[in-house]
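# Residue-level structure breakdown
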Amino acid sequence: SYWHRQTFVACCLRCLEHFSRKFFREKMIETTLELCKDPIALVRHRLCVLLPQIKKVLRPPAPVDMLAAFNEKVSRLTMDTDKDVSEGAKQAVKDMEEMEQDYQRRQDLKIDDEEEKLDTQREEQENTLLEAAQELEKQQRRKALRELIAEGEKAMPSQPAQAGGGTGATTGRG
């Protein structure tokens, strides 16, 4: 239902507050931007409110094609048949322009960007968690493999060595 899609937009906002930009780009942005085609105007309008935060996610080193897709979706929303959606998108465009001017000014003056530092910290924390999860998964696979080998050894009956014709493979001699 459209309530789920509205809730998804609210979750996206929370994810943008708590996760790195890289995480959002890799895990959520495509699905989020598809909401510009949602049949319910209220969902599209809620997406418009989120656009400036999504734009921050697309700062370099974001892929250029992702930025192009974003711009295409924003353009579509500014021409939406629903007045509230199109106005919301146009306001988002203004907000994004101001945001980018401020960002560029900070870059030119070489002012440390607290937001950049916070994003870097979030990404480092996510990488640490990902590495821990991968290590745990590796340990679980090793354990499962050891258990399978042990079960296989129990299931294979030991066969006495055959005189003359055996290869030695069945007796454990190599």
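First, a word on what this report is: a plain description of the structure on this page. (Residues numbered from 1 in each chain as written. Predicted model: local features only at pLDDT ≥ 70, side-chain atom pairs only at ≥ 80, totals over all residues. Heavy atoms only, no water.)

## Brief notes about helix α7 (residues 114-155)
- Look at α7: 61 Å from first C-alpha to last across 42 residues, which is about the 62 Å you get at 1.5 Å a residue.
- Turning to α7, its buried residues are Asp119, Arg122 and Glu126.
- Looking at the buried residues of α7, the elements they touch are α1 (2-18) and α2 (21-27). (Helix = DSSP H or I, 4+ residues; strand = E, 2+ residues; numbered from the N terminus. Expected span 1.5 Å × (residues − 1). Buried < 20%, exposed > 50% of the residue type's maximum accessible area, 1.4 Å probe, protein only. Contact = heavy atoms within 4.5 Å.)

## Section: the nonpolar core
- One finds Phe24, Ile29, Leu47, Leu51, Ile54, Phe70 and Leu77 to be the most contacted residues of the largest nonpolar core, which totals 28 residues.
- Of all the secondary structure elements, the ones that give two or more residues to this core are α1, α3 (29-34), α4 (41-57), α5 (64-78) and α6 (83-108).
- In terms of residues, this core owes the most to one element, α4, which gives seven residues. (Core = buried A, V, L, I, M, F, W, Y, C linked by side-chain atoms within 4.5 Å.)

## Regarding the packing of aromatic side chains
- All chains considered together, the criterion is met by two aromatic pairs.
- Consider the rings of Phe19 and Phe23, whose centres lie 4.5 Å apart with planes at 20°: the pair is stacked.
- Over the ring of Tyr103 we find Arg59; its NZ or CZ atom is 3.7 Å from the centre of that ring. (Phe/Tyr/Trp six-rings, centres within 6.5 Å; stacked < 30°, edge-to-face > 60°. Lys NZ or Arg CZ within 6 Å of the ring centre and 35° of its normal.)

## Comments concerning the pattern of salt bridges
- One pass over the full model with this rule turns up twelve salt bridges.
- With its nearest N and O atoms 2.2 Å apart, the salt bridge here joins Arg5 to Asp38. On the criterion of sequence distance, the pair formed by Arg5 in helix α1 and Asp38 in the loop between α3 and α4 is long-range, its members being 33 residues apart.
- Classification of Arg5 by relative accessible area gives partly exposed; the value is 25%.
- Classification of Asp38 as buried rests on a relative accessible area of 7%.
- A salt bridge links Glu17 to Arg14, with the nearest nitrogen and oxygen atoms 3.1 Å apart. Here the residue Glu17 and the residue Arg14 both occupy positions in helix α1, the gap between them amounting to three residues, near one helical turn.
- On the basis of relative accessible area, Arg14 is assigned to the partly exposed category, the value being 47%.
- The structure contains a network of salt bridges with shared partners spanning Glu34, Lys37, Glu72 and Lys73. (Salt bridge = Lys/Arg side-chain N within 4 Å of Asp/Glu carboxyl O.)

## Digging into the side chain of Asp38
- There is a polar contact of 2.8 Å between the side chain of Asp38 and the backbone nitrogen of Ile40.
- Look past the residues within four positions of Asp38 in its chain and what remains in contact with it is Arg5, Val43 and Arg44. (Polar contact = N/O pair within 3.5 Å; in protein donor to acceptor, adjacent residues only side chain to side chain.)

## Observations concerning the side chain of Arg21
- Note on placement: Arg21 falls in helix α2.
- Contact partners of Arg21, with chain neighbours within four places excluded, come to Lys56, Val57, Glu115, Glu116 and Asp119.

## A word on the environment of Thr32
- Looking at the element boundaries, Thr32 is found in helix α3.
- C-alpha separation for the pair Thr32 and Leu47, spaced 15 residues apart in sequence, amounts to 7.9 Å.
- Residues within four places of Thr32 in sequence aside, it is in contact with Phe8, Cys12, Phe24, Leu47, Leu50 and Ile54.
- Of the polar contacts made by the side chain of Thr32, one reaches the backbone oxygen of Met28; its length is 2.7 Å.

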